[in-house]
Amino acid sequence: MSGPVEPRDPERMLSLAYAAARDRGALAALWALDDALAASVQAGRDPNLRELRLTWWFEALERLDRTPAPDQPLLALIAAELLPRGVSGAALATMIDGWDVLLNPDPLSEGGMLAYAEGRGRLFTLAGAALGGGTVPLAAAGQGWALADLARHSTGSEAARAAALAAPLLGGALRPRWPRRLRALGMVAALAARDLARPDEARGAPRRIARMLLYKLTGR
């Protein structure tokens, strides 16, 4: 897999190498969509522009359920890899509910953080629907992953509150052994839990790569 639909995060990219070949396209599409939505929220200082970008993605994703994919690489990948697995464009569009929360310039309340985590974290439940392979706490894992990422990109009390919300979600979600088909997803949640304990650890550090490999082998 190459080109504009590759994940921007090198650890997510590596997680694809640990996925079954038949599942890599579906996971790549989900990670790339998350990247695209993040980029929309980070685009410039004009909140109206950011909202327009999210609205564009919302409408484009929903449209995939009714019309062929346009000549846009990510939408084409979603149509090819996720729609045939029963993951609809409308379901993918619900992820935007979480990103919408970040458009509010005020400091995030606990309720806002949880709403963000619920929306963005749906990536994990949608991945589970696409990949199958077992029953694990995907909703909690996705929400904890989203909150850990929010903590990593925040400062002060906001970072501390996001981390405090993430810790029990990830702790519970990672307690059971994850099935092999979902371990490429679980290892990203495991790294999110590691971020809470080691917030200054560099992305791609050797011990993080070793953690990914261990997770691939054991599911824990």
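The structure this text deals with has already been given above.
Residues numbered from 1 in each chain as written. Predicted model: local features only at pLDDT ≥ 70, side-chain atom pairs only at ≥ 80, totals over all residues. Heavy atoms only, no water.

Visitor: Any chance you could explain the overall build of the chain here in plain terms?
Guide: Scanning the chain from terminus to terminus reveals 12 helices and zero strands. From first element to last, N terminus to C terminus, the chain shows the α and β order α-α-α-α-α-α-α-α-α-α-α-α. Relative to the 2.2 N^0.38 estimate, which gives 17 Å for 220 residues, the radius of gyration of the chain is 17 Å and therefore close to what a compact globule would have. Principal axes of the C-alpha set define a box for the chain whose edges measure 45 × 40 × 30 Å. Residues classed as buried in the chain amount to 47% of the 220 residues present. Taking the intrachain contacts of the chain between residues at least 6 apart in sequence as the baseline, contacts between residues at least 24 apart amount to 66%. For the chain, the separation between the mean place of its 27 positive charges and that of its 23 negative charges on side chains is 10 Å. (Helix = DSSP H or I, 4+ residues; strand = E, 2+ residues; numbered from the N terminus. Rg over C-alpha atoms; globule rule 2.2 N^0.38 Å. Buried < 20%, exposed > 50% of the residue type's maximum accessible area, 1.4 Å probe, protein only. Contact = heavy atoms within 4.5 Å. Lys, Arg positive; Asp, Glu negative; His and termini not counted. Charge placed at Lys NZ, Arg CZ, Asp CG, Glu CD.)

Visitor: Whenever I open this one, the layout of surface pockets confuses me. Can you help?
Guide: Think of a ball as big as a water molecule: rolled over the atoms, this probe shows where empty space is left. There is about 540 Å³ of room inside the largest pocket. Surrounding the largest pocket, 31 residues form its lining, Y116, R120, D149, L150 and H153 being those nearest its centre. Broken down by secondary-structure element, the contributors of at least two residues to the lining of the largest pocket are α1 (10-17), α2 (24-41), α6 (96-101), α7 (110-120), α9 (138-152) and α11 (183-197). In terms of residue count, α9 provides more of the lining of the largest pocket than any other element does, five residues in total. (1 Å grid on protein atoms, 1.4 Å probe; cavity = no way out; pocket = protein on both sides within 12 Å on 5 of 7 lines; lining within 4 Å. Points joined across faces, edges and corners; volume = space filled by probe spheres on them.)

Visitor: Sorry if this is basic, but what is going on with the environment of A79 here?
Guide: If you trace the backbone, A79 turns up in helix α4 (residues 73-81). Once the C-alpha coordinates of A79 and F124 are considered, the two residues, 45 residues apart in sequence, prove to be 18 Å apart. Contact partners of A79, with chain neighbours within four places excluded, come to A69 and P84.

Visitor: Where do I start with the nonpolar core in this structure?
Guide: Generally speaking, nonpolar side chains in soluble globular proteins are found buried as a group. Membership of the largest hydrophobic core comes to 70 residues, with the highest contact counts inside it found for L92, F124 and W178. The contacts of F124, once residues within four sequence positions are left out, are W31, L138, A141, G142, W145, W178, L185 and A189. (Core = buried A, V, L, I, M, F, W, Y, C linked by side-chain atoms within 4.5 Å.)

Visitor: Looking at this structure, I do not really get helix α10 (residues 156-173). What am I missing?
Guide: Think of an α-helix as turning once every 3.6 residues; residues three or four places apart then point the same way. For α10, which comprises 18 residues, the first-to-last C-alpha distance of 26 Å matches the rise-based estimate of 26 Å (1.5 Å per residue) to within 8%. Along α10, the largest kink reaches about 25° and is centred on A166; proline P168 follows within four residues of it. By the burial criterion, the buried members of α10 are A159, A162, L165, A166, L170 and A173. Residues of α10 that are buried make contact with α7, α9 and α11. (Expected span 1.5 Å × (residues − 1). Bend = angle between axes of the 7 residues up to and from the residue.)

Visitor: How should I be thinking about the packing of aromatic side chains in this particular structure?
Guide: Two numbers describe a pair of aromatic rings. These are the distance of the centres and the angle of the planes. Within the structure shown, the criterion is met by six aromatic pairs. Between W99 and Y116, the ring centres sit 6.0 Å apart and the planes meet at 85°, which makes this aromatic pair edge-to-face. Separated by 17 residues along the polypeptide, W99 in helix α6 and Y116 in helix α7 bring together distant segments of the chain. Side by side, W99 and Y116 carry an identical accessibility label, which is buried. Centre to centre, the rings of F124 and W145 are 5.3 Å apart; their planes meet at 40°, and the pair counts as tilted. Remark: W145 occurs in helix α9 and F124 occurs in helix α8 (residues 122-131); sequence separation between them is 21 residues. When its relative accessible area of 0% is taken as the criterion, F124 is described as buried. An aromatic cluster of at least three residues, connected via ring pairs, comprises W31, F124 and W145. In this structure, R120 packs its charged tip against the face of W145, placed 4.6 Å from the ring centre. (Phe/Tyr/Trp six-rings, centres within 6.5 Å; stacked < 30°, edge-to-face > 60°. Lys NZ or Arg CZ within 6 Å of the ring centre and 35° of its normal.)

Visitor: Got a minute to help me understand the packing of α2 against α8 in this structure?
Guide: Closest axis-to-axis distance for the α2/α8 pair is 10 Å, and the angle between their directions is 160°. As the angle between them shows, α2 and α8 are arranged roughly antiparallel. You can see that α2 and α8 cross each other, and the crossing is right-handed. Between α2 and α8, the residues in contact are A26, L27, L30, W31 and D34 and L123, F124, L126, A127, A130 and L131, respectively. Class assignment for the residues of the contact of α2 with α8 results in 10 nonpolar, no polar and one charged. (Axes fitted to C-alpha atoms, helices over the stretch in contact; angles between N-to-C directions. Parallel < 35°, antiparallel > 145°, perpendicular 65-115°, else oblique. Left-handed = near helix turned anticlockwise from the far one by under 90°. Nonpolar A, V, L, I, M, F, W, Y, C, P; charged D, E, K, R; others polar.)

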